[in-house]
Amino acid sequence: MLNDSNLLKNSILIFLIIVIGLLICDSVNGQSDDVLNAQLNYLRLTEHELYDSSPDSIINLCTVILASKKELNEKIICFLHYKKGKAQLHVEQNDSAIKNLHFAYLIANSNQLDTLKGSCEANLGLCYLYTGISDSSLYYHQKSFETFSNLSDSLLIAKSHINLANSHSQKAEYPKALEHALEGNRLYKTHGDDFYHKLSLVTTANIYEKLKKYEQALLLYNEAYDTMMKLEQKERAATIQTNMAVIYYRQKNYLLALSIFKELIDYYRSDNKEQKLSLIYGNISRVYNKLGQHTQAMEALEASLKISKKYGLLLEQTSTLLNLGNAAKKAEQFAQSEAYYIEALKIAKAQKFRDKIQSIYKNLSKLYATQENYRSAYIYRFLSGQEKDTINSENNNKHIAELMAKYKAEEKQTEILRLENENIAKELKNNKVTLERNILRGTGIGILIILLISIWFYRVKNQKDKIISAQ
């Protein structure tokens, strides 16, 4: 009986150890799954909250999850590559963004994840829009429009219209751009997304501005501005204000333009965005010149030059020095004008700002002609013409190179897509094999545990029967 009791205790103890071990493993996996779910829920925050905060953290988080040893299903893999690509787009890592978005797009397409597919297409369109490849941008935005139309999702269709408007606007196809922008405005307003409705109004206003329909543009800018201020989207509001001030300047409403630019100075100073003040002061100087207040114009340019030097903004420095040279020439301060031009020329040559070099040569020629220094005037006029020819030649060569690059890029993109498709197929196959192997391993272990317990209990019973028989 003693042996029987010991065997029974030992068997129960082994059984309990196995059960506790399984529970611990399940608990660890559960905690691990909780961490993963928390990470994924963070990535599912609204895009406005997510990408305006810290896109770098999103890139890092997606990289960590994808590099982990977790068994991720295809939808999560697609989702993570999409989020990573979109975050890379926000920090202007366009090549990496295109790669991740294409990867996500192919998974979404093969698994009929239509919302993710359309989102990938839309963001690929933005990648190509920002890199100036307008045909590719238009192609992907058209595809996303078709995908979202099939889903009958009105807000996503509205977003596609706005994207198409921007692509057509980049190609200077303003009537088509306006048609899409107005439809996007209507859909956003109808379906109650006020924030994106007001943002879409900015797109429409930009198109009206390019069509020189300034009153329509101003109405929309004002409406968008009021909403952005209520939502404390101050940087967006400041951008809208700048656009409005430029329109007032073009309408020769110089005093109103000036008051807006001065208001923007206070905003950029208080919000630690001093770099942008270089352009604001440049605009203020133009307004003062139109008002005939040349001293104030010079002061504004000096303020602009100080900021551009502080932050190493070389193009802004060159432009400001050129404008200071022009202003000094008008004030008949010829020596000061020449000094500004020469300083601007040094930077322009060092940085190969061809347009600026040509403009500086032209203005130096005019300056020397005014001083009746005709020999120097002729030399700089000749240099200006020579530089203009160089610019035209470079532009022609650049255009040819862009066409060749575009052709090669399309060929390369086709090859990349083919290889990526093969890699995705292999990766998905490997994931499936790993998952099946893990299921088989788990099932085998479970069967083995049950078998060992059964054998152990059989031996216990067998020994008990022998003891009873012996008695």
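Predicted, not measured: the structure shown is a model, and the values here were computed from it.

Each value, and the rule that gives it
- Residues numbered from 1 in each chain as written.
- Predicted model: local features only at pLDDT ≥ 70, side-chain atom pairs only at ≥ 80, totals over all residues.
- Heavy atoms only, no water.
- Helix = DSSP H or I, 4+ residues; strand = E, 2+ residues; numbered from the N terminus.
- Buried < 20%, exposed > 50% of the residue type's maximum accessible area, 1.4 Å probe, protein only.
- Contact = heavy atoms within 4.5 Å.
- Areas by Shrake-Rupley, 256 points an atom, 1.4 Å probe, with all protein chains shown as cover.
- Phe/Tyr/Trp six-rings, centres within 6.5 Å; stacked < 30°, edge-to-face > 60°.
- Expected span 1.5 Å × (residues − 1).
- Patch = residues over 30% accessible without salt bridge, like charges linked within 9 Å, V, L, I, M, F, W, Y side chains within 5 Å.
- Salt bridge = Lys/Arg side-chain N within 4 Å of Asp/Glu carboxyl O.
- Lys, Arg positive; Asp, Glu negative; His and termini not counted.
- Charge placed at Lys NZ, Arg CZ, Asp CG, Glu CD.
- Core = buried A, V, L, I, M, F, W, Y, C linked by side-chain atoms within 4.5 Å.
- Axes fitted to C-alpha atoms, helices over the stretch in contact; angles between N-to-C directions.
- Parallel < 35°, antiparallel > 145°, perpendicular 65-115°, else oblique.
- Left-handed = near helix turned anticlockwise from the far one by under 90°.
- Nonpolar A, V, L, I, M, F, W, Y, C, P; charged D, E, K, R; others polar.
- pLDDT = per-residue confidence, 0-100.
- Disulfide = S-S within 2.5 Å.

A. Spotlight on the overall build of the protein. Secondary structure summary: the protein contains 19 helices and zero strands in total. Per-residue burial for the protein yields a buried fraction of 39% across its 471 residues. Contacts spanning at least 24 positions in sequence make up 56% of the contacts within the protein whose residues lie at least 6 apart. Surface accessibility of the protein: about 27200 Å² in total, with carbon and sulfur atoms responsible for 54%.

B. Expanded view of the packing of aromatic side chains. Per the stated rule, a full pass over the model turns up eight aromatic pairs. Site record: aromatic cluster; members linked through ring pairs are Tyr 128, Tyr 139 and Tyr 140.

C. Geometry of helix α18 (residues 354-370). Relative to the 24 Å expected for 17 residues at 1.5 Å per residue, α18 spans 25 Å between its end C-alpha atoms, a close match to the ideal helical length. Those residues of α18 lying buried are Ile 357, Gln 358, Ile 360, Tyr 361, Asn 363, Leu 364, Ser 365, Leu 367 and Tyr 368. Following α18 by one or two positions, Glu 372 has its phi on the positive side, about 65 degrees.

D. Molecular detail of a positive patch on the surface. Taken together, Lys 362, Lys 366, Arg 381 and Lys 388 make up a surface patch of like positive charges. For the positive patch, the secondary-structure elements that each account for two or more residues are α18 and α19 (374-470). Structurally, Lys 362 can be placed in helix α18.

E. The arrangement of helix α9 (residues 174-190) in detail. In this model α9 runs 24 Å from its N-terminal to its C-terminal C-alpha over 17 residues, within 8% of the 24 Å that 1.5 Å per residue would give. Every buried residue of α9 is listed here: Ala 177, Leu 178, His 180, Ala 181, Gly 184, Asn 185, Leu 187 and Tyr 188. On its buried side, α9 packs onto α8 (154-170) and α10 (194-210). Downstream of α9 by a residue or two, Gly 192 has a phi angle that is positive, lying close to 80 degrees.

F. The nonpolar core, seen in detail. The biggest cluster of nonpolar side chains holds 43 residues, and the ones touching the most others in it are Tyr 221, Ile 240, Phe 261, Ile 280 and Ile 284. For this core, the secondary structure elements donating two or more residues are α9, α10, α11 (214-230), α12 (234-250), α13 (254-270), α14 (277-290) and α15 (294-310). The element contributing the most residues to this core is α13, with nine residues.

G. Structural context of the packing of helix α16 (residues 314-330) against helix α17 (residues 334-351). Packing of α16 against α17 brings their axes to within 8 Å, and their N-to-C directions diverge by 160 degrees. Between α16 and α17, the angle falls in the class roughly antiparallel. Helix-helix and strand crossings are classified by hand; for α16 and α17 the assignment is left-handed. Residues Leu 314, Gln 317, Thr 318, Leu 321, Leu 322, Leu 324, Gly 325, Asn 326, Ala 328 and Lys 329 of α16 form the contact with α17, whose participating residues are Phe 334, Gln 336, Ser 337, Tyr 340, Tyr 341, Glu 343, Ala 344, Ile 347, Ala 348 and Gln 351. Taken together, the residues of the contact of α16 with α17 sort by class into eleven nonpolar, seven polar and two charged.

H. Quick look at the confidence of the model for the protein. Of the residues in the protein, 75% reach a pLDDT of 70 or more, and the chain-wide mean stands at 81. Within the model, pLDDT remains below 50 along residues 22-32, and this stretch shows two contacts once partners closer than five positions in the same chain are excluded.

I. A look at the side chain of Ser 119. Along the polypeptide, Ser 119 turns up in helix α6 (residues 114-130). In this view, Ser 119 contacts Tyr 82 and Phe 148; residues no more than four positions away in its chain are not counted.

J. Geometry of the state of the cysteines. Under the counting rule described, the total for this entry stands at zero disulfides. In this model Cys 120 remains outside any disulfide bridge; the closest cysteine sulfur is found in Cys 78, 5.2 Å from its own.

K. Region of the structure containing unusual backbone geometry. One non-glycine residue with positive phi stands out, namely Glu 92, at about 65 degrees. Note that Glu 92 resides in the loop between α4 (74-90) and α5 (94-110). Here the phi dihedral of Ser 152 falls at roughly 55 degrees; this positive angle occurs in a residue that is not glycine. Here Ser 152 is to be found in the loop between α7 (134-151) and α8. Judged by relative accessible area, Ser 152 falls into the exposed class, the value being 57%.

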